[in-house]
Amino acid sequence: MVEAGDEPRRLNPVAGWRPYQFYLVGMLLLVTVFHYLDRGILSVLQEPLKEELKLTDGELGLLSGPALVLLYSAAGLTVARYAERHNRASLLAAALATWSLMTALCGASVGFVQLALARMGVGAGEGGCIPIAQSLLADSFPIRQRGFVMSIVAAAPAVAGIITPLVGGLVAHAWGWRVAFAVVGLPGLALALVIKFTIKEPRVLAAAPVKRSSALADVAWLMKQRAFLYIFLAAISSGIGVSGINAFKISYLVRSQHMNLAQAGVVWSIAGVFGLAGSVIGGYMADRFAGERGRAYVLVPVIGAVGSFMAYAVAFSQSDPTLVVVACIVAALFQRRKQIVHRLERPAAVASCHQQVFLDRERRENLALLRHVTDAEPVAFVRGDRLDRPVGETDRAA
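Residues numbered from 1 in each chain as written. Predicted model: local features only at pLDDT ≥ 70, side-chain atom pairs only at ≥ 80, totals over all residues. Heavy atoms only, no water.

Student: I would appreciate a short explanation of unusual backbone geometry in the present structure.
Tutor: Trans is the prevailing form of peptide bonds, just as negative phi is the prevailing case for residues other than glycine. With a phi close to 60°, Lys54 is a non-glycine residue in the positive phi region. Mapped onto the fold, Lys54 is located in the loop between α2 (19-53) and α3 (57-64). We classify Lys54 as exposed; its relative accessible area is 62%. Its identity is not glycine, yet His258 carries a phi of approximately 60°, on the positive side. Within the element layout of this structure, His258 appears in the loop between α14 (226-256) and α15 (261-288). (Helix = DSSP H or I, 4+ residues; strand = E, 2+ residues; numbered from the N terminus. Buried < 20%, exposed > 50% of the residue type's maximum accessible area, 1.4 Å probe, protein only.)

This is how it looks when you write it as structure tokens:
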């Protein structure tokens with residue numbers, strides 16, 4: 001049954017929004033873009049960084065994956081619980097300032113240890129971004145508008161996928177990788193001040209009490225949902241491949257296709273534009289063909305996963321630069337079509353779970369654990385030096 005006032009909102013999802021709500025969504029989108037921008041900049045800069053600091057590809061993989069994730073997941077769990085009882089705007093500003101400063105400090109590193117410590121700092125700060133942003137949105141919008149606002153912020157990875165290779169590649173090519181880290185990291189400090197002094201804490205306005213609950217009980221409840229468990233495992237499997245490719249995709253074009261950083265950055269930035277289009281297409285297709293049981297919310301990610309696999313297989317097995325570039329763009333189109341349905345919180349198989357998550361604040365904070373498992377990149381230490389070498393060639397000595 002459609003309640004009074006629901007139909008206008010269904011036709012116009014921003015109907016009744018206050019100016020501050022537009023501002024909140026825009027600022028959280030910007031913060032989340034910075035989150036993915038600072039996370040992904042290392043993969044853009046690792047070729048000159050590798051040469052100057054004499055790093056191995058295994059070390060680069062550790063920097064892209066475990067060094068970042070080690071504190072990312074732990075911080076996310078801690079912040080998710082802490083944020084439900086303290087001022088989230090202040091916490092988000094502190095997290096943003098932390099990861100931005102540590103990103104800039106990556107440019108001052110003189111060896112692997114210093115760079116690893118800086119990347120751990122980036123992970124510690126970024127771990128608080130997604131739980132706080134989702135919590136602020138959930139408490140600032142009614143239930144029937146949350147899906148739409150979440151989808152706006154969920155566009156951040158695609159937007160960052162356009163900006164990161166373009167800015168990082170062009171700046172590093174012109175002024176060096178150290179300057180590129182500073183250019184990407186330092187603006188976040190200014191944004192942190194804006195967040196601190198302009199974002200309101202919804203609980204202060206609503207004075208809503210928060211009950212304590214058991215994290216283990218909430219995770220156990222969710223894992224009993226068989227459909228969610230299958231999608232959860234699929235997301236982890238998909239993340240293994242995606243994180244490894246993302247960590248070395250710029251390096252592949254530089255090493256195997258003999259591009260410079262600026263050229264490789266432009267290629268992946270263009271691919272990012274198509275990836276953003278894939279996000280929109282994927283969301284539309286899922287809604288358009290969902291049917292009564294919502295099967296399209298599961299089938300669209302499957303199509304995206306298969307399509308991106310086939311396109312990447314072409315990109316990494318061909319020597320013609322034009323064919324490689326086209327295959328990379330097609331892969332990005334399908335990859336984002338796969339990811340957007342997951343990030344929009346819309347799959348039919350988990351819709352009932354997420355409805356309870358967003359309606360139940362004390363449960364939502366505990367389930368941040370599961371978001372972090374699939375959002376992190378724990379396996380990016382895959383050896384990238386195998387991308388462009390004959391099979392059987394021995395590893396380069398450290």
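Student: I keep staring at α14 and nothing clicks. Help me out?
Tutor: Side chains three or four residues apart in an α-helix point the same way, a direct result of the helix having 3.6 residues per turn. Counted at 1.5 Å a residue, the expected span for α14 with its 31 residues is 45 Å, and the 43 Å between its end C-alpha atoms agrees. The sharpest bend along α14 measures roughly 50° and falls at Phe248. Looking one or two residues beyond α14, the residue adopting positive phi is His258, at roughly 60°. (Expected span 1.5 Å × (residues − 1). Bend = angle between axes of the 7 residues up to and from the residue.)

Student: I would appreciate a short explanation of the packing of α2 against helix α10 (residues 177-185) in the present structure.
Tutor: Two packed helices can be described by the angle between their axes and the distance between those axes. Remark: α2 packs on α10, axes separated minimally by 9 Å, with the N-to-C direction vectors making an angle of 165°. If you check the angle between α2 and α10, you find them roughly antiparallel. At the point where α2 passes α10, the crossing takes the left-handed sense. Contact residues: Leu37, Asp38, Ile41, Leu42, Leu45, Pro48, Leu49, Glu52 and Leu53 in α2; Trp177, Arg178, Ala180, Phe181, Val184 and Gly185 in α10. (Axes fitted to C-alpha atoms, helices over the stretch in contact; angles between N-to-C directions. Parallel < 35°, antiparallel > 145°, perpendicular 65-115°, else oblique. Left-handed = near helix turned anticlockwise from the far one by under 90°. Contact = heavy atoms within 4.5 Å.)

Student: Sorry if this is basic, but what is going on with helix α5 (residues 88-106) here?
Tutor: Under the 1.5 Å per step criterion, the end-to-end length of α5 is 27 Å for 19 residues, consistent within 8% with the ideal 27 Å. Two or three places before Ala89, at the start of α5, stands the capping residue Asn87, its side-chain oxygen 3.0 Å from that residue's backbone nitrogen. (Polar contact = N/O pair within 3.5 Å; in protein donor to acceptor, adjacent residues only side chain to side chain.)

Student: Can you walk me through the environment of Val314 in this structure?
Tutor: Among the structural elements, Val314 can be located in helix α16 (residues 296-315). Taking the relative accessible area as the measure of exposure, Val314 reaches 33% and is therefore partly exposed. Once you skip the residues sitting within four places of it in the chain, Val314 turns out to touch Leu323 and Ala327.

Student: Explanation requested: the pattern of salt bridges in the structure shown.
Tutor: Should the charged atoms of two oppositely charged side chains come close, the side chains can pair. Tallying each qualifying case throughout the model produces seven salt bridges. Taking the shortest distance from any N to any O, the salt bridge between Asp57 and Arg255 comes out at 2.4 Å. Note that Asp57 is positioned in helix α3 and Arg255 in helix α14, a separation of 198 residues in sequence. Across the pair, Arg255 and Asp57 agree in class, each one buried. It is possible to trace a salt-bridge network through shared partners that takes in Glu47, Lys50, Asp57 and Arg255. (Salt bridge = Lys/Arg side-chain N within 4 Å of Asp/Glu carboxyl O.)

Student: Can you walk me through the packing of aromatic side chains in this structure?
Tutor: Any pair of aromatic rings gets described here by the distance separating the centres and the angle formed by the planes. In this structure the tally under the stated criterion is six aromatic pairs. Here the aromatic rings of Trp177 and Phe181 are separated by 6.0 Å at their centres, their planes lie at 85°, and the arrangement is edge-to-face. You can see Trp177 and its partner Phe181 sitting in helix α10, four residues apart, about one turn around the helix. The buried category is assigned to Trp177, whose relative accessible area is 4%. Among the residues examined, Phe181 registers a relative accessible area of 1% and is labelled buried. Taken together, a centroid distance of 4.9 Å and an interplanar angle of 80° make the contact between Tyr252 and Phe316 edge-to-face. Here Phe316 lies in the loop between α16 and α17 (321-343) and Tyr252 lies in helix α14, a separation of 64 residues in the sequence. (Phe/Tyr/Trp six-rings, centres within 6.5 Å; stacked < 30°, edge-to-face > 60°.)

Student: It is not clear to me how the nonpolar core should be interpreted in this structure. Could you clarify?
Tutor: Soluble, globular proteins show a tendency: their nonpolar side chains are buried together. Among the nonpolar cores identified, the biggest contains 81 residues, and Leu49 and Ile195 are the most heavily contacted of them. Beyond its immediate chain neighbours, meaning those up to four positions away, Leu49 contacts Leu42, Lys54, Leu55, Leu60, Leu115, Trp177 and Phe181. (Core = buried A, V, L, I, M, F, W, Y, C linked by side-chain atoms within 4.5 Å.)

Student: Just checking my understanding: could you explain the confidence of the model for the protein for this structure?
Tutor: Any segment with low pLDDT has predicted coordinates that should not be analysed in fine detail. On average, residues of the protein carry a pLDDT of 78, and 75% of them reach 70 or more. In this model, residues 1-11 is a region of pLDDT below 50 whose contacts with residues beyond four sequence positions or in other chains number eight contacts. Low confidence marks residues 376-398, where pLDDT is under 50. Its contacts with residues over four positions away, or in another chain, come to 49 contacts. (pLDDT = per-residue confidence, 0-100.)

Student: Which parts of the structure should I look at to understand the environment of Val306?
Tutor: Positionally, Val306 belongs in helix α16. Distance from Val306 to Ala331, taken between C-alpha atoms, is 9.7 Å for residues 25 residues apart in sequence.

Student: Please explain a nonpolar patch on the surface as it appears in this structure.
Tutor: Side chains of Leu166, Leu170, Val266, Ile270, Val273 and Phe274 sit close together on the surface and give an oily, nonpolar patch of about 450 Å² of accessible area. At the level of secondary structure, the elements contributing two or more residues to the nonpolar patch comprise α9 (156-175) and α15. No other element matches α15, which puts four residues into the nonpolar patch. Relative to the elements of secondary structure, Phe274 occurs in helix α15. Looking at Phe274, the relative accessible area reads 39%, which means it is partly exposed. (Patch = residues over 30% accessible without salt bridge, like charges linked within 9 Å, V, L, I, M, F, W, Y side chains within 5 Å. Areas by Shrake-Rupley, 256 points an atom, 1.4 Å probe, with all protein chains shown as cover.)

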